[in-house]
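Single-letter residue listing:
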Amino acid sequence: MATITIVGGGVAGLALAATLSPEAHTVTLVERNPGYSRVPTAFGIWPFALDALDRIGLADELRADGLMLTNGVITADAAGHPVTMTRREADTWLITRPALLELLDHAVPDSVARENRQVDDPAELRADLVIAADGARSVVRSRVWGDAPRDTGVVAIRGILTTAPAMPPDQMREFWGGGKLFGVGPNRLPDGVGTNWYASTRRGEESPTDALRWARAAYADFPDLVSTTLDAADPDTTVVNAILESRRPRSVVRGRYVLIGDAAHAMSPNLGRGACEALVDAIVLGEALNEHGMAGVREYEQKRRRAGQRTRAAASMARRVALSRRASRVLVRLGPN
Ligand SMILES: Cc1cc2nc3c(=O)[nH]c(=O)nc-3n(C[C@H](O)[C@H](O)[C@H](O)COP(=O)(O)OP(=O)(O)OC[C@H]3O[C@@H](n4cnc5c(N)ncnc54)[C@H](O)[C@@H]3O)c2cc1C
């Protein structure tokens, strides 16, 4: 049987391990930091990712653990004249990162060998196929492809509150203005509905305490919903990440190595699609390997390389628009209501 080692047990690695047939492959999953992350911030899961999850029998479980969104409202302010655009969402779900990881983890067959360690040199891994599911700072990509992601100079500060936001329970809101963005919406937490929030601007990474102190002052002139959310936020449930973007690889397959998820296309979070693309990569690759054996990597490359890179480029554009001074003019062109 062909041997496959998956480096990284995040969204992409777990979804691949859950898709690969135990009858066809001997699979090892290496994760340096098992567990389901500290702060339960929410992921938006779009219909195309839900369709892929449906093929491995997990879409209904995701719906059971998530919250449905029916609309997203973006408001951009130009010199005191707010412009609002409403986007209708169809079958788009919010689920916390820990809940998604747990759901995928439970779907991984017992036949998958788990190793709890950090991979420093992928050349040492004994396997016919090595799948890089090790995220934006992928060691496999850095060692085998010889490149590193680009720091956009933008930070995402995000967190949760245990109380629900003062807004409709099926809505997300974003406010853009003055080179800053703030998003807020519901979040399905184990004890009920809470709040998911995020702030983004051109700024470096810093501690949650410093980032919150800065954000409370910087967003003081945003609508009340923003200041009440930031006032209630706690550094213990706040995370701060520099936003990284991958470069476009010529191929996502090199010899026995294959890139999936953020290792292939780390992207700005402005479209809320990174985890969705990671899920689809993993499920398409797993299905192709189940059907065609090792030759399946070519089918994966054909189906997924361009799709992932297109989303990465579109997300980069969305970030630049949201943080630009032209944001409200772009919303007008898109058709405000
Ligand atoms: C602010 C923000 C908001 C976002 N919102 C959304 C959203 O709403 N919807 C959405 O679809 N996406 C969203 N994303 C994107 C999403 O978080 C990522 O695209 C997704 O987590 C990628 O999954 P992955 O499995 O490829 O990588 P990761 O989640 O980074 O997982 C990689 C795993 O590999 C492990 N690992 C790394 N290196 C090694 C090593 N050398 N040895 C062993 N293990 C290793 C890590 O511990 C980790 O568990 C958001 C991202 C950010 C920053």
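What counts, and where the lines are drawn
- Residues numbered from 1 in each chain as written.
- Predicted model: local features only at pLDDT ≥ 70, side-chain atom pairs only at ≥ 80, totals over all residues.
- Helix = DSSP H or I, 4+ residues; strand = E, 2+ residues; numbered from the N terminus.
- Rg over C-alpha atoms; globule rule 2.2 N^0.38 Å.
- Contact = placed C-beta atoms within 7 Å.
- Axes fitted to C-alpha atoms, helices over the stretch in contact; angles between N-to-C directions.
- Left-handed = near helix turned anticlockwise from the far one by under 90°.
- Nonpolar A, V, L, I, M, F, W, Y, C, P; charged D, E, K, R; others polar.
- Near = placed C-beta within 6 Å.
- Pairing = 2+ DSSP bridges.
- Core = buried A, V, L, I, M, F, W, Y, C linked by C-beta atoms within 7 Å.
- Buried ≥ 20, exposed ≤ 12 C-beta atoms within 10 Å, placed from the backbone.
- Expected span 1.5 Å × (residues − 1).
- Bend = angle between axes of the 7 residues up to and from the residue.
- Parallel < 35°, antiparallel > 145°, perpendicular 65-115°, else oblique.

Student: Outline the overall build of the protein, listing residues and values.
Tutor: A tally of helices and strands in the protein yields eleven helices and 14 strands. Relative to a compact globule of 337 residues, whose C-alpha radius of gyration would be 20 Å, the protein shows 20 Å and is just as compact. Dimensions of the protein, computed from the C-alpha atoms along their principal axes, are close to 65 × 40 × 40 Å. Pairs at least 24 apart in sequence give 73% of the contacts found in the protein among residues at least 6 apart.

Student: If you had to explain the environment of Glu206 to someone new, which residues and values would you point to?
Tutor: Along the polypeptide, Glu206 turns up in the loop between β11 (192-202) and α6 (208-218). Residues Glu206 and Val155 lie 51 residues apart in sequence; the distance between their C-alpha atoms is 9.1 Å.

Student: Can you tell me about the packing of helix α2 (residues 47-55) against helix α9 (residues 274-292), naming the residues and giving the values?
Tutor: The interhelical angle for the contact between α2 and α9, taken along N-to-C directions, is 35°, at an axis separation of 9 Å. Of the two elements, α2 crosses α9, and the hand of that crossing is left-handed. In this structure, α2 contributes Phe48, Ala49, Ala52, Leu53 and Arg55 to the contact, and α9 contributes Cys276, Leu279, Val280 and Ile283. Among the residues forming the contact of α2 with α9, the class breakdown is eight nonpolar, no polar and one charged.

Student: Mind laying out the site of the ligand, listing which residues take part and the relevant values?
Tutor: As a structural note, the neighbourhood of the ligand is formed by 32 residues, with Gly8, Gly10, Gly135, Gly261 and Gly274 the closest of them. Secondary structure elements with two or more residues in the shell around the ligand: α1 (11-19), β3 (42-45), β8 (150-161) and α9. Looking at the shell around the ligand, the element that brings in the most residues is α9, giving four residues. Partitioning the shell around the ligand into residue classes produces 14 nonpolar, twelve polar and six charged.

Student: Give me the lowdown on the pairing of strand β2 (residues 25-30), citing residues and values where you can.
Tutor: Consecutive residues of a regular strand have side chains that alternate between opposite faces of the sheet. Relative to β2, strand β1 (residues 2-7) is paired through six bridges, and the arrangement is parallel. Of the residues in β2, the one forming a bridge with Thr5 is Thr28. In this structure, β2 lies alongside strand β6 (residues 113-115), joined through three bridges in parallel fashion. Across the sheet, the residue bridging to Val30 is Glu115, located in β6.

Student: Could you give me a rundown of the sheet that holds β2, with the residues and numbers involved?
Tutor: With mixed pairing, six strands are arranged side by side in an open sheet as β6-β2-β1-β7-β14-β13. Edge positions in the open sheet fall to β6 and β13 (253-254), since each of these has one partner strand only. The sheet contact formed by β1 and strand β7 (residues 129-132) spans four bridges and is parallel. Residue pairing for β7: Ile6 is matched across the bridge by Ile131.

Student: Which residues make up the environment of Leu101, and what values go with them?
Tutor: Mapped onto the elements, Leu101 comes out in helix α4 (residues 97-106). Not counting the four nearest positions on each side in its chain, Leu101 is found in contact with Val11, Leu14, Tyr36 and Ser37.

Student: Could you give me a rundown of the environment of Arg216, with the residues and numbers involved?
Tutor: With respect to the helices and strands, the residue Arg216 is situated in helix α6. Distance in space between the C-alpha atoms of Arg216 and Thr228 is 9.4 Å, their sequence separation being twelve residues.

Student: I'd like to hear about the nonpolar core, residue by residue, with values.
Tutor: Of all hydrophobic cores here, the largest spans 63 residues; its most connected members are Leu16, Ile131, Ala132, Val258, Ile260 and Leu279. Here this core gets eleven residues from one element, more than from any other, and that element is α9. Filtering out sequence-adjacent residues up to four positions away, Leu16 remains in contact with Ile6, Ile131, Ala133, Ile260, Ala282, Leu285 and Gly286.

Student: Explain helix α10 (residues 296-322) residue by residue, including any values.
Tutor: The terminal C-alpha atoms of α10, which comprises 27 residues, lie 38 Å apart, in line with the 39 Å expected from a rise of 1.5 Å per residue. Taken as a whole, α10 carries its principal kink of about 35° at Arg304. Along α10, the residues classified as buried are Gly296, Val297, Tyr300, Arg304, Arg305, Gly308, Arg312, Ala315, Arg319 and Ala322.

Student: Outline the packing of α1 against α9, supporting the account with residue identities and numerical values.
Tutor: The description of two packed helices rests on the angle between their axes and on the distance between the axes. Two elements in contact, α1 and α9, have axes separated by 8 Å at closest approach and are oriented at 30°. As the angle between them shows, α1 and α9 are arranged roughly parallel. Considering the relative orientation of α1 and α9, their crossing is right-handed. Here Val11, Ala12, Ala15, Leu16 and Thr19 of α1 come into contact with α9, specifically with Ala275, Ala278, Leu279, Asp281, Ala282, Ile283, Leu285, Gly286 and Glu287. Looking at side-chain class alone, the contact of α1 with α9 contains ten nonpolar, two polar and two charged residues.

Student: If you had to explain the pairing of β8 to someone new, which residues and values would you point to?
Tutor: The pairing of β8 with strand β12 (residues 238-245) spans seven bridges and is antiparallel. Counterpart to Arg158 in the pairing with β12 is Val239. Note that β8 and β11 share eight bridges and pair antiparallel. Each residue of the ladder has a partner; that of Ile157, found in β11, is Ala199.

Remember, this is a structural readout, not a statement about activity or role.
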